[in-house]
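Commentary on secondary and tertiary structure
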Amino acid sequence: MALEAVGLIISTLQALRQLGDDLASSNDSCKLLISHCEILAQPVNQINENRDLLDANSHALQNALSLLVECRNFCTKFKKRNFFDKIGHKNRDKEMFTVLHHKMDIAAGLFTLQV
């Protein structure tokens with residue numbers, strides 16, 4: 001399961017990068033969040049290169065995958081909103097961006113990268 005999570009994380013990061021490339025400049029908050037998701041790329045790539053780290057990081061990998069999917073879904077919804085919807089959800093969206101950034105920092109700290 002942990003090895004499958006590595007592959008899913010890598011593909012989700014690629015999807016997020018593509019989403020970031022497709023966003024208009026008016027979606028700077030999403031672009032910043034997507035950029036912050038890259039904090040998970042290094043530990044995941046390290047685990048992918050050293051499979052001995054899989055067992056010690058299975059929880060961190062599942063957590064990272066869940067969070068990346070949450071970020072992708074939120075940014076996809078945010079991208080589809082029209083101007084008036086964004087204004088109507090401004091405070092809630094701002095709070096959600098803050099929460100996701102915080103969760104990203106926590107997720108990055110869950111990895112154990114020493115054998």
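Going by the structure above, here's the rest.
As the structure is a prediction and not an experimental result, all values here were calculated from the model.

Calculation notes
Residues numbered from 1 in each chain as written. Predicted model: local features only at pLDDT ≥ 70, side-chain atom pairs only at ≥ 80, totals over all residues. Heavy atoms only, no water. Axes fitted to C-alpha atoms, helices over the stretch in contact; angles between N-to-C directions. Helix = DSSP H or I, 4+ residues; strand = E, 2+ residues; numbered from the N terminus. Parallel < 35°, antiparallel > 145°, perpendicular 65-115°, else oblique. Left-handed = near helix turned anticlockwise from the far one by under 90°. Contact = heavy atoms within 4.5 Å. Nonpolar A, V, L, I, M, F, W, Y, C, P; charged D, E, K, R; others polar. Phe/Tyr/Trp six-rings, centres within 6.5 Å; stacked < 30°, edge-to-face > 60°. Buried < 20%, exposed > 50% of the residue type's maximum accessible area, 1.4 Å probe, protein only.

Here's the deal with the packing of helix α1 (residues 2-22) against helix α4 (residues 58-80)
When two helices pack together, their arrangement is captured by the angle between the axes and the distance separating the axes. Orientation of α1 relative to α4, taken along the N-to-C sense of each, is 25°, at an axis distance of 9 Å. Overall, the two elements α1 and α4 adopt an arrangement that is roughly parallel. Considering only the axes of α1 and α4, their crossing is left-handed. Between α1 and α4, the residues in contact are Ala2, Ala5, Val6, Leu8, Ile9, Thr12, Leu13, Ala15, Leu16, Leu19 and Asp22 and Ser58, Leu61, Gln62, Ala64, Leu65, Leu68, Val69, Cys71, Arg72, Cys75, Thr76 and Lys79, respectively. Class assignment for the residues of the contact of α1 with α4 results in 16 nonpolar, four polar and three charged.

As for the packing of aromatic side chains
Under the counting rule described, the total for this entry stands at three aromatic pairs. With a centroid separation of 4.9 Å and 80° between ring planes, the pair formed by Phe74 and Phe97 is classed as edge-to-face. Within this pair, whereas Phe74 is found in helix α4, its partner Phe97 is found in helix α6 (residues 90-109), the two being separated by 23 residues in sequence. For the pair Phe74 and Phe97, one class covers both residues: buried. Both rings, one in Phe78 and one in Phe97, keep their centres 5.3 Å apart while their planes meet at 80°; by these two values the pair is edge-to-face. Remark: Phe97 occurs in helix α6 and Phe78 occurs in helix α4; sequence separation between them is 19 residues. Take Phe78: its relative accessible area is 9%, and that puts it in the buried class.

None of the figures reported here should be taken as evidence of function without further support.
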